[in-house]
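# Observations on chain architecture
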Amino acid sequence: MIPNHGVEDGDAGQRFGIPRDYVVGGPFDIAVGDLNRDGWLDIGVANADAEAVTLLFNQGAGNFGAPVHLSVTGNPPRHRAR
């Protein structure tokens, strides 16, 4: 889970629901963008303790689907892109 953080699902009426926790591992960095080009903002999380990246795809109804965990192996980067 993102420690002490949750995602509040919302709708087009700018209303938010109860925060939901998503299991992503130990988050190191978080990015938001339209990762699958469907017009909805998705969340990508770099997990420091699991050598993985977790993707949360926006379902377009104010919620995110089940986390997709992708394994990342090899040497850690020395620099992060800005």
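Residues numbered from 1 in each chain as written. Predicted model: local features only at pLDDT ≥ 70, side-chain atom pairs only at ≥ 80, totals over all residues. Heavy atoms only, no water.

Here we take up the overall build of the protein. Counting its regular elements, the protein contains 0 helices and 6 strands. Written out in order from the N terminus, the α and β elements of the protein read β-β-β-β-β-β. Relative to its full complement of 82 residues, the protein shows a buried share of 24%. For the protein, restricting intrachain contacts to residue pairs at least 6 apart in sequence, the fraction spanning at least 24 positions comes to 19%. Accessible surface computed for the protein: about 6200 Å², of which carbon and sulfur atoms make up 54%. (Helix = DSSP H or I, 4+ residues; strand = E, 2+ residues; numbered from the N terminus. Buried < 20%, exposed > 50% of the residue type's maximum accessible area, 1.4 Å probe, protein only. Contact = heavy atoms within 4.5 Å. Areas by Shrake-Rupley, 256 points an atom, 1.4 Å probe, with all protein chains shown as cover.)

As a further point, take a nonpolar patch on the surface. The grouping of Ile 30, Val 32 and Leu 41 at the surface amounts to a nonpolar patch, some 290 Å² of accessible area in total. Among the structural elements, Leu 41 can be located in the loop between strand S3 (27-33) and strand S4 (42-47). The class of Leu 41 is exposed, set by a relative accessible area of 53%. (Patch = residues over 30% accessible without salt bridge, like charges linked within 9 Å, V, L, I, M, F, W, Y side chains within 5 Å. Salt bridge = Lys/Arg side-chain N within 4 Å of Asp/Glu carboxyl O.)

The buried count for strand S5 (residues 52-56) comes to 4 of 5 residues, which makes it a mostly enclosed element. Linking two consecutive strands that pair antiparallel, namely S4 and S5, is a turn of 4 residues; a positive phi of about 45° is found at Glu 51 within it. Taken together, the 4 bridges between S5 and strand S6 (residues 68-71) define a ladder with antiparallel strand orientation. Residue pairing in the sheet places Leu 55 in a bridge with Val 68 of S6. (Pairing = 2+ DSSP bridges.)

With that out of the way, let us pick up the sheet that holds S3. The 4 strands are arranged S3-S4-S5-S6 in an open sheet whose pairing can be described as antiparallel. The open sheet is flanked by S3 and S6, the only strands paired with a single partner. Ignoring which end each strand starts from, the neighbouring axes of this sheet average 20° apart. For S3 and S4, the ladder comprises 6 bridges, and the chain directions are antiparallel. Within S4, the residue paired with Pro 27 across the bridge is Asn 47. (Axes fitted to C-alpha atoms, helices over the stretch in contact; angles between N-to-C directions.)

Before going further, it helps to examine the confidence of the model for the protein. A residue-level look at the protein finds 67% of positions with pLDDT of 70 or above and a mean pLDDT of 75. Here residues 1-5 is a poorly scored stretch, pLDDT under 50, and it has 11 contacts once near neighbours within four places are set aside; other chains count. (pLDDT = per-residue confidence, 0-100.)

With that settled, consider the environment of Phe 28. As for its placement among the helices and strands, Phe 28 is situated in strand S3. Sequence separation between Phe 28 and Ala 46 is 18 residues, and the spatial gap between their C-alpha atoms is 5.4 Å.

For Thr 54, the location among the structural elements is in strand S5. For Thr 54, a relative accessible area of 0% puts it in the buried group. A polar contact is formed between the side chain of Thr 54 and the side chain of His 69, at a distance of 3.0 Å. Setting aside anything within four residues of it in sequence, one finds Thr 54 in contact with Val 23, Val 24, Ile 43, Gly 44, Val 45, Asn 47, Pro 67, Val 68 and His 69. (Polar contact = N/O pair within 3.5 Å; in protein donor to acceptor, adjacent residues only side chain to side chain.)

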